Amino acid sequence: FVQGVNLGHFMQPLLCMIDFNQLDVRTIYDARLCVECGTVRFAAQNRTEPDIERIRRILADFDAALNAGDYLRVGELDTEFPIMLAKAAQNSVLEATILLLENITTACLKRLDKYMIILDGARVQHRQILDAIERGEAEEAERYMRVHTLESRALLMKES
């Protein structure tokens, strides 16, 4: 029997081909802006109630970790959020691309020692994105994702 291959895991070997010295925050976040804005549009159109519940759980855990000062867990959940949005989009290529972008972002931020920088407005922005997706408002979800991604990029570039 051949088991289905998760496209995201299939793309993992591509990470070793990336020259992280040639990547900067702007380059990564420009790619994220394109991919994540499109992803939330599809998520708003294709999400299921179980998808919404999984994303709500991530946001609840994010809030709890933030309140507890568990910033390592906050970072993990911040990474899970766009991956769950991609799952809600019901598109395996977008899901694999988001997973690869998250891995690239994490590797770059660790190299730059910016792994623990957390956008103050992330909690509110994540909620706005989810609320728009839940209502099926693709343009609004995209608008909130654009704000979130641009503010994250600005914060990380300012910290350079």
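Residues numbered from 1 in each chain as written. Predicted model: local features only at pLDDT ≥ 70, side-chain atom pairs only at ≥ 80, totals over all residues. Heavy atoms only, no water.

1. A closer look at the overall build of the protein chain
Tallying secondary structure elements over the protein chain gives seven helices and zero strands in all. When the helices and strands of the protein chain are listed from N to C terminus, the series reads α-α-α-α-α-α-α. By the burial criterion, 42% of the 160 residues in the protein chain qualify as buried. For the protein chain, the exposed area adds up to about 8,700 Å²; of that, 54% sits on carbon and sulfur atoms. (Helix = DSSP H or I, 4+ residues; strand = E, 2+ residues; numbered from the N terminus. Buried < 20%, exposed > 50% of the residue type's maximum accessible area, 1.4 Å probe, protein only. Areas by Shrake-Rupley, 256 points an atom, 1.4 Å probe, with all protein chains shown as cover.)

2. Here's the deal with the pattern of salt bridges
Within the structure shown, the criterion is met by 17 salt bridges. Arginine 32 is the salt-bridge partner of glutamate 36, the closest N and O atoms lying 2.7 Å from each other. Here arginine 32 and glutamate 36 lie together in helix H2 (residues 25–46), a separation of four residues that amounts to about one turn. What makes arginine 32 buried here is its relative accessible area of 8%. With its nearest N and O atoms 2.8 Å apart, the salt bridge here joins arginine 57 to aspartate 61. Separated by four residues within a single helix, arginine 57 and aspartate 61 lie in helix H3 (residues 49–68), roughly one turn from each other. Bridged by salt links that share partners, the residues Glu49, Glu53, Arg56 and Glu134 form one connected network. (Salt bridge = Lys/Arg side-chain N within 4 Å of Asp/Glu carboxyl O.)

3. Re the packing of aromatic side chains
Two aromatic rings, taken as a pair, are described by how far apart their centres are and by the angle between their planes. Across all of its chains, the model carries zero aromatic pairs by this definition. Against the face of tyrosine 144 rests arginine 143, its NZ or CZ located 4.7 Å from the ring centre. (Phe/Tyr/Trp six-rings, centres within 6.5 Å; stacked < 30°, edge-to-face > 60°. Lys NZ or Arg CZ within 6 Å of the ring centre and 35° of its normal.)

4. A word on the state of the cysteines
On inspection of all chains with the given rule, the structure shows zero disulfides. No disulfide involves cysteine 34; its sulfur sits 7.8 Å from the nearest other cysteine sulfur, which is in cysteine 37. Cysteine 34 gets classed as exposed once you look at its relative accessible area, which sits at 61%. The buried category is assigned to cysteine 37, whose relative accessible area is 2%. (Disulfide = S-S within 2.5 Å.)

5. Thoughts on the packing of helix H4 (residues 71–88) against helix H5 (residues 92–111)
In the contact formed by H4 and H5, the axes pass within 8 Å of each other and the chain directions differ by 170 degrees. The angle between the axes of H4 and H5 places the two elements in the roughly antiparallel class. Where H4 crosses over H5, the handedness of that crossing is right-handed. Contacts between H4 and H5 involve Thr79, Pro82, Ile83, Ala86 and Lys87 on the former and, on the latter, Leu94, Glu95, Ile98, Leu99, Glu102 and Thr106. (Axes fitted to C-alpha atoms, helices over the stretch in contact; angles between N-to-C directions. Parallel < 35°, antiparallel > 145°, perpendicular 65-115°, else oblique. Left-handed = near helix turned anticlockwise from the far one by under 90°. Contact = heavy atoms within 4.5 Å.)

6. Examining the packing of H2 against H5
Contact pair H2 / H5: the axes reach a minimum separation of 10 Å and the direction vectors enclose 150 degrees. On the basis of their axis angle, the class for H2 and H5 is roughly antiparallel. In this structure, H2 meets H5 at a crossing whose hand is left-handed. Note on element contacts: H5 touches H2 through Leu94, Thr97, Ile98, Leu101, Glu102, Ile104, Thr105, Cys108 and Leu109, opposite Val25, Ile28, Tyr29, Ala31, Arg32, Val35, Glu36, Thr39 and Phe42. Split into classes, the residues belonging to the contact of H2 with H5 amount to 12 nonpolar, three polar and three charged. (Nonpolar A, V, L, I, M, F, W, Y, C, P; charged D, E, K, R; others polar.)

7. Quick notes on H2
If you check H2, its first and last C-alpha atoms are 30 Å apart, about what 22 residues at 1.5 Å a residue would give, namely 32 Å. On its buried face, H2 sits against H4, H5, helix H6 (122–135) and helix H7 (138–158). (Expected span 1.5 Å × (residues − 1).)

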